[in-house]
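So the chains spell out like this:
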Amino acid sequence: MRLLTHNMLASNVKGVKNGYPLRIEATTVETKTADFNPEFLKRMFPKLEWKAFCEASAALGEKGLPAQVSPETLEDEEFLKAFHHSLLELHVEEGALICPETGRKFPVNKGIPNMLLNEDEC
């Protein structure tokens, strides 16, 4: 699971009002090379919840992203490479995504998050 995917997931357990962002508990993280495309990154940036993305990236051991980004930052190639690495090259292969409100763990196996709910959670 890439952090791009993680940034769009939320807990939909019945009664949960604060199901985003899910905390990452990774047991296996792999780095997989992806083509660097600055224009794609610039188009994706406004669609991301930046604070949640930075927290997720830090949970995987990446510390190089700034807390805030200005339009000028999106023109900095060093920043774009760090952003690219965290967004597209880091893959959570095994672990769990944890609901911030309930602590419910959604497993991640072979890079696929299982967000299915039990009957009592619907």
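Look up: the structure comes first, before these words.
Residues numbered from 1 in each chain as written. Predicted model: local features only at pLDDT ≥ 70, side-chain atom pairs only at ≥ 80, totals over all residues. Heavy atoms only, no water.

A. Just the pairing of strand β3 (residues 105–109), in detail. Judged by which residues are buried, β3 turns out to be one-sided: Phe106 and Val108 face inward and are buried, whereas Lys105, Pro107 and Asn109, on the alternate face, are not. Inspection of the sheet shows strand β2 (residues 90–98) paired to β3 by five bridges, in the antiparallel sense. Note on β3: the bridge partner recorded for Ala96 is Pro107. In sequence, β2 turns back onto β3 through a hairpin of six residues, with Gly103 there showing a positive phi of about 80°. Here β3 runs beside strand β4 (residues 112–113); their pairing, made up of two bridges, is antiparallel. Across the sheet, residue Val108 finds its bridge partner in β4, namely Pro113. (Buried < 20%, exposed > 50% of the residue type's maximum accessible area, 1.4 Å probe, protein only. Helix = DSSP H or I, 4+ residues; strand = E, 2+ residues; numbered from the N terminus. Pairing = 2+ DSSP bridges.)

B. Structural view of the packing of aromatic side chains. Applying the stated criterion to the full structure yields seven aromatic pairs. Pairing Phe45 with Phe83 gives two aromatic rings, centres 6.2 Å apart and planes at 85°, and the pair type is edge-to-face. Of this pair, Phe45 sits in the loop between α2 (38–44) and α3 (50–59) while Phe83 sits in helix α4 (residues 77–89), placing them 38 residues apart in sequence. Centre to centre, the rings of Trp50 and Phe83 are 5.5 Å apart; their planes meet at 70°, and the pair counts as edge-to-face. Taken together, the positions of Trp50 in helix α3 and Phe83 in helix α4 put the pair 33 residues apart, joining distant regions of the chain. Looking at Trp50, the relative accessible area reads 9%, which means it is buried. The class for Phe83 is buried, based on a relative accessible area of 0%. In this structure an aromatic cluster arises from ring pairing among Phe45, Trp50, Phe53, Phe79 and Phe83. (Phe/Tyr/Trp six-rings, centres within 6.5 Å; stacked < 30°, edge-to-face > 60°.)

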